[in-house]
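# Remarks on the overall topology
The primary structure of each chain is shown beneath.
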Amino acid sequence: MQQTPLHAFRTLALGLALVACLSEASGQWSDAMAPDRMEWTRAMEAYNNNQFALALHAFDQLADQQDPASEALAVATYYAAMSSMSLFHKDASYRIELFITRFPESPLALEARWELANHQYKRRNYNKALEQFLQIRPRELSPERRDELRFKLGHCHFEREQYEEARIQLFDVLELPGPFQATAQYYFSHVAYINNQPQVALDGFQKIANELGFSELVPLYIAQLLHATGQYSELKTYAPTLL
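Residues numbered from 1 in each chain as written. Predicted model: local features only at pLDDT ≥ 70, side-chain atom pairs only at ≥ 80, totals over all residues. Heavy atoms only, no water.

### What to know about the confidence of the model for the chain
Counted only if it meets this: Across the chain, each position has a pLDDT score giving the predictor's confidence in that residue, from 0 to 100. Residues count as neighbours in contact if any of their non-hydrogen atoms are within 4.5 Å of one another.
In the predicted model, the chain carries a mean pLDDT of 87, and the fraction of residues at 70 or more is 86%. With pLDDT under 50 throughout, residues 1–13 is counted as low confidence; its partners more than four residues away or in other chains account for 22 contacts. Here residues 21–34 is modelled with pLDDT under 50, and outside its nearest four sequence neighbours on either side it reaches eight contacts, counting other chains as well.

### Concerning the packing of helix α3 (residues 52–65) against helix α4 (residues 71–86)
The line we're drawing: To obtain an axis, a line is fitted to C-alpha atoms, over the contacting stretch when the element is a helix, and the angle between two such axes runs from 0 to 180 degrees between their N-to-C directions. Labels follow the DSSP assignment, with helices taken as runs of H or I lasting at least four residues and strands as runs of E lasting at least two, numbered in each case from the N terminus. With respect to orientation, any angle under 35 degrees is reported as roughly parallel, any angle over 145 as roughly antiparallel, any angle of 65 to 115 as roughly perpendicular, and every other angle as oblique. For any helix crossing, the convention is left-handed if the near helix is rotated counterclockwise from the far helix by under a right angle, and right-handed if that rotation is clockwise. As a working rule, the residues Ala, Val, Leu, Ile, Met, Phe, Trp, Tyr, Cys and Pro are called nonpolar, Asp, Glu, Lys and Arg charged, and the rest polar, with Gly in that last group.
It is at 8 Å that the axes of α3 and α4 come closest, and there the two elements cross at 155°. Overall, the two elements α3 and α4 adopt an arrangement that is roughly antiparallel. In this structure, the crossing between α3 and α4 has a hand that is left-handed. When α3 is examined against α4, the residues Phe52, Ala55, Leu56, Phe59, Asp60, Leu62 and Ala63 are found in contact with a partner set consisting of Leu73, Ala76, Thr77, Tyr79, Ala80, Ser83, Ser84 and Ser86. Considered class by class, the residues forming the contact of α3 with α4 number 10 nonpolar, four polar and one charged.

### A look at the packing of helix α8 (residues 143–159) against helix α9 (residues 163–171)
Two elements in contact, α8 and α9, have axes separated by 8 Å at closest approach and are oriented at 160°. When the axis of α8 is compared with that of α9, the two are roughly antiparallel. With respect to the hand of their crossing, α8 and α9 are arranged in left-handed fashion. Here α8 contributes Arg150, Phe151, Leu153, Gly154, His155, His157 and Phe158 to the contact with α9, which in turn contributes Tyr163, Glu165, Ala166, Gln169 and Leu170. Per-class residue counts for the contact of α8 with α9 are six nonpolar, four polar and two charged.

### What about helix α10 (residues 181–194)?
In plain terms, the rule: For a helix, the expected span equals 1.5 Å multiplied by the number of residues minus one. Here's how the labels work: a residue is buried when its accessible area is under 20% of the maximum for its type, exposed when over 50%, partly exposed in between, all with a 1.4 Å probe on protein chains only.
In this model α10 runs 20 Å from its N-terminal to its C-terminal C-alpha over 14 residues, within 8% of the 20 Å that 1.5 Å per residue would give. Counted residue by residue, α10 has 10 buried out of 14 residues, so it is predominantly covered. Looking only at α10, the buried set comprises Ala182, Ala184, Gln185, Tyr186, Tyr187, Phe188, Ser189, His190, Val191 and Ala192. Summarising the contacts, the buried residues of α10 are in contact with α8, α9, α11 (198–207) and α12 (218–228). Of the residues one or two after α10, Asn196 is the one with positive phi, at around 60°.

Printed below as a string of structure tokens:
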């Protein structure tokens, strides 16, 4: 799981803030607890620096040292699971699902679900990704993540050939400027193409004909759809641009 600088900063800040809250809740750190505090700091720094094997080992050790009822156990278990996922370990999904089951009230539970869904999505396991995304309540997400959720729900449905469900989710993203707009338009138009709605498909494909990543494939659809809708003069003008 490659982190952007902003995500890395938020991750480190969240982890250290949780650790700080834990220390305040249990009183001042004593001299005897100082080595443990250093272990937390080193573990978070390893995670933030993408040293996931080191982070996994450190957080597993910290989890073994925590009281079963403590929030510290939840924090350590979460970051161990995230490290395992970043390393693509076979037990990563199990670790995350176990974390969500054990700590459903943790402020990290939603983030765990989100990361698990995206982990499955990136692996193109759209069945499992959809299962996880459907368990996320949009109102609990930031506006940016709500848009991403709608798009990925639509895409997962599309890959499962659930075209009506895909169309509904993708429609909500079409008018939202952002990183998913053009791709949502592609899949939405493709659904219209499959559903024998050539004019709807044509209108959609024409909107993204010059978008990066679509400029080679989409014009072929446009030419075919111009023919299907009887727009022969437009096709005569358009076809030479494909040569």
